[in-house]
Amino acid sequence: MTDDLQNEAGEVKQKILVVDDEASIRRILETRLKMVGYDVVTAEDGEEAVDVYNKTMPDLVILDVMMPKMDGYGVTREIRRTSDVPIIILTALGDVSERITGLELGADDYVIKPFSPKELEARVKAVLRRTTTKEISGIPSGKTAKNVITTGSIKIDTARRQVYRKNERIRLTGMEFSLLELLVNNSGQAYSRNEILQHVWAYPPDHRIDTRVVDVHISRLRSKLEADPANPELILTARGIGYMFQRIN
């Protein structure tokens, strides 16, 4: 007998870990997320969150920042040691530094407290859509060279959503790869931060969001891909516009 829960169509439900020290928030999110078809596990502090994560291996983590025993930053660090699972942080309205720190540590997105459960459900759906593709081990049969883009020592396998430098794999989160994929597939074309948020994070055009989400992800990508992140040669800044990947001939 399997522990995996299935929906009415017989598909295995995606599992979400909700971490918050406020019981009312945990209950609301657990109820709402179950109603829209997810399997939900919860934790009330950072140490419990790491333990539950290791035991259940969820598909996504919703994580409050300010918690007892271990804060959300510590949880993010622990998870990112071994996993690229998508993480959405919950952060206070006025605390921009919380958002930026969480993103720099590897979170994929954030939602500001107090939040609308519908908004959070939309963020969960968008992040999961962008990040939960199954990895294929070994060399995929039937794949042609068009699935692999090579520029200098970097090889980007778009079919397997993997990146290599000199045959050594570089670990990217799902959102980092989706951002890289957008820029690589449109090399030489500059995208504004708002356009990137629409294409990668699925934010509607009229949605107000701190565009530094994009800046932090670009910085993370550069630190992993560029020989000299301070003087990038792959992911370029298009002055007055946004970002672009160098043109691939």
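From a predicted model like this one, the values you see are computed outputs, not experimental measurements.

> Summarise the overall build of the protein; cite the residues concerned and give the values.
When its secondary structure is counted, the protein shows eight helices and 12 strands. Across the 249 residues that make up the protein, the buried fraction comes to 48%. Put simply, 57% of the contacts in the protein that link residues at least 6 apart link residues at least 24 apart. Carbon and sulfur atoms make up 47% of the accessible area of the protein, which totals about 12,900 Å².

> Quick rundown of the packing of helix 6 (residues 174-185) against helix 8 (residues 212-225)? Include the residues and the values.
At their nearest, the axes of helix 6 and helix 8 sit 10 Å apart, and the two run at 85° to each other. In this view, helix 6 runs roughly perpendicular relative to helix 8, as classed from their interaxial angle. Residues Met 175, Glu 176, Leu 179, Leu 180 and Leu 183 of helix 6 lie in contact with helix 8, whose contacting residues are His 217, Ile 218, Arg 220, Leu 221, Lys 224 and Leu 225. Of the residues that constitute the contact of helix 6 with helix 8, the class distribution is seven nonpolar, one polar and three charged.

> I'd like to hear about the pairing of strand 5 (residues 109-113), residue by residue, with values.
Along any regular strand, the residues point their side chains to alternate faces of the sheet. The element strand 5 is extensively covered by neighbouring structure, given that four of its five residues are classed as buried. As paired strands, strand 4 (residues 87-92) and strand 5 are joined by five bridges and run parallel to one another. Within strand 5, the position partnered with Thr 91 by the bridge is Ile 112.

What counts, and where the lines are drawn
Numbers given for residues are sequential positions, taken from 1 along each chain in its written order. pLDDT decides what is reported in this predicted model: residues at 70 or higher carry local features, side-chain atom pairs at 80 or more are listed and counted, and totals for whole chains, interfaces and linings draw on all residues regardless. To get the side-chain values, take all heavy atoms of the structure and skip hydrogens and water. Secondary structure follows DSSP: runs of H or I at least 4 residues long count as helices, runs of E at least 2 residues long count as strands, and numbering of each begins at the N terminus. Three labels apply to residues, based on accessible area from a 1.4 Å probe with only protein chains included: buried if under 20% of the type maximum, exposed if over 50%, partly exposed otherwise in between. Every residue pair with non-hydrogen atoms within 4.5 Å of one another is taken to be in contact. Note that accessible areas follow from Shrake-Rupley with a 1.4 Å probe, and for residues the cover is restricted to the protein chains shown. Only C-alpha atoms enter the line fits that serve as axes; for helices the fit covers just the stretch in contact. Angles between N-to-C directions range over 0 to 180 degrees. Orientation labels follow simple angle bins: below 35 degrees gives roughly parallel, above 145 gives roughly antiparallel, 65 to 115 gives roughly perpendicular, and whatever is left gives oblique. Three classes are used: nonpolar for Ala, Val, Leu, Ile, Met, Phe, Trp, Tyr, Cys and Pro, charged for Asp, Glu, Lys and Arg, and polar for all others, with Gly counted as polar. Two strands make a pair as long as DSSP finds a minimum of two bridges between them.

Geometric descriptors of this kind do not, in isolation, establish any biological role.
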